[in-house]
Amino acid sequence: RAKAAGRGTVCAFSQDMDAEVRDRQMLEADLREAMAADEISLLYQPILSIESGQVTSVEALARWTHRLRGQIGPDVFIPLAEECGFIGQLGEHLLRRACTDAISWPPHIRVAVNLSPLQIHAGRLTATISGILDQTGLPADRLQLEVTEGLVIRDVERTFIELERLRALGIQILMDDFGVGYSSLSYFERFRFDKVKIDKSFVTDIASSRSSRAIIKAVIGLGRDLGMSVVAEGVETTEQMEQLIGLGCTHLQGFLFSRPLDSAMIATFSQTRPTATSLASAA
Ligand code: C2E
Ligand code: MG
Ligand code: MG
Ligand code: MG
């Protein structure tokens with residue numbers, strides 16, 4: 001009897017797996033069409049300088065509105081695009097869109113685009129990006145690229161060579177989600193990142209966890225000594241904001257200031273700056 005039950009369990013499990021695999025395959029096929037059908041768009045989340053209270057950059061975040069399933073998050077479809085070999089095309093499409101949108105904003109606002117590790121390992125990235133900058137007319141110093149530690153570990157030498165080439169064009173390179181994953185401090189010796197972004201998990205725990213606070217402090221110290229700005233992401237409360245300002249963070253991003261916005265709203269948001277007063281009074 002135990003054996004039969006066991007087999008039943010295995011069977012149900014593998015049927016689930018089949019359904020999951022089929023579902024993934026459908027979604028993969030949809031993803032390729034979605035790009036052409038313009039179902040994938042970008043929203044932009046403001047990042048504020050603590051010193052000036054102004055929006056100095058925005059992060060481009062991909063959104064997919066599936067015609068039947070509704071919103072599908074980038075945490076789902078970016079890995080899917082990576083697995084089915086589609087990330088190169090999708091990433092290029094998103095970069096072109098971000099640069100085109102950025103042209104319509106006030107010129108002091110930079111745009112930060114997330115890069116998938118595979119976009120670098122596919123090669124030709126510098127040529128592709130420099131082509132996009134030429135076509136859209138966006139000055140290279142208004143583009144930032146966010147890379148994660150995962151990007152760096154696969155092929156360290158080649159990655160840093162490519163990042164140097166991109167930087168030689170005038171593009172800023174940011175270390176994203178620092179502190180999670182396989183952080184290695186030696187990356188900072190190997191490459192001078194322009195900015196480091198503290199992962200929101202540390203920001204969320206800043207009030208309750210001594211170790212989160214200690215890690216944030218250490219990253220800010222590192223930033224100060226190595227000439228990197230330090231952005232805290234996922235700031236949701238004034239208490240978090242005040243602590244981050246107290247610790248010497250240079251830039252803030254989070255729902256407290258703004259959710260990701262439509263491109264058309266960026267110019268307006270950067271003019272009204274609803275949070276400038278709260279930032280100033282906290283500083
Ligand atoms: P990320 O690059 O670390 O982006 C920050 C994420 O934190 C975004 O999630 C953003 O909406 C969210 N966030 C910002 N402020 C807050 C806050 O105050 N509270 C909370 N709870 N969340 C906040 P999102 O848009 O779902 O993106 C998730 C991840 O998907 C990104 O993490 C990035 O790794 C990836 N991603 C998004 N767009 C792209 C893209 O165009 N290309 C690539 N390669 N990856 C992308
Ligand atoms: Mg990012
Ligand atoms: Mg991040
Ligand atoms: Mg993240």
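Residues numbered from 1 in each chain as written. Chains lettered and ligands numbered in written order. Predicted model: local features only at pLDDT ≥ 70, side-chain atom pairs only at ≥ 80, totals over all residues. Heavy atoms only, no water.

- As annotated in an unreviewed UniProt entry, the chain carries the name EAL domain-containing protein and comes from Sphingomonas abietis.

### Quick look at the site of ligand 1
- Every one of the 23 residues lining ligand 1 counts as a neighbour, but Glu59, Arg63, Asn114, Glu236 and Phe255 are closest to it.
- In this structure, Glu59 approaches ligand 1 through a side-chain N or O atom, which is 2.9 Å from an oxygen atom.
- Taking Phe255, its main chain carries an N or O atom lying 2.8 Å from an oxygen atom of ligand 1.
- About the coverage of ligand 1: the protein hides 83% of its 800 Å² of free accessible area.
- Ranked by the residues each element gives to the shell around ligand 1, the list is headed by strand 2 (residues 55-66), at 4 residues.
- Along the lines of polarity and charge, the residues of the shell around ligand 1 split into 9 nonpolar, 5 polar and 9 charged. (Near = heavy atom within 4 Å. Polar contact = N/O pair within 3.5 Å; in protein donor to acceptor, adjacent residues only side chain to side chain. Areas by Shrake-Rupley, 256 points an atom, 1.4 Å probe, with all protein chains shown as cover. Helix = DSSP H or I, 4+ residues; strand = E, 2+ residues; numbered from the N terminus. Nonpolar A, V, L, I, M, F, W, Y, C, P; charged D, E, K, R; others polar.)

### Focus on the side chain of Glu39
- Mapped onto the secondary structure, Glu39 falls in the loop between helix 1 (2-36) and strand 1 (40-49).
- No salt bridge is formed by the buried Glu39. Its closest oppositely charged neighbour is Arg67, at 4.2 Å. (Buried < 20%, exposed > 50% of the residue type's maximum accessible area, 1.4 Å probe, protein only. Lys, Arg positive; Asp, Glu negative; His and termini not counted. Salt bridge = Lys/Arg side-chain N within 4 Å of Asp/Glu carboxyl O.)

### Here we look at helix 2 (residues 74-83)
- Within helix 2, burial applies to Phe77, Leu80 and Ala81. Buried residues of helix 2, viewed axially, fall in a sector of 100 degrees; they line one side. Among the exposed residues of helix 2, those pointing more than 90 degrees away from its buried face are Asp75 and Glu83. (Arc of directions from axis to C-beta.)

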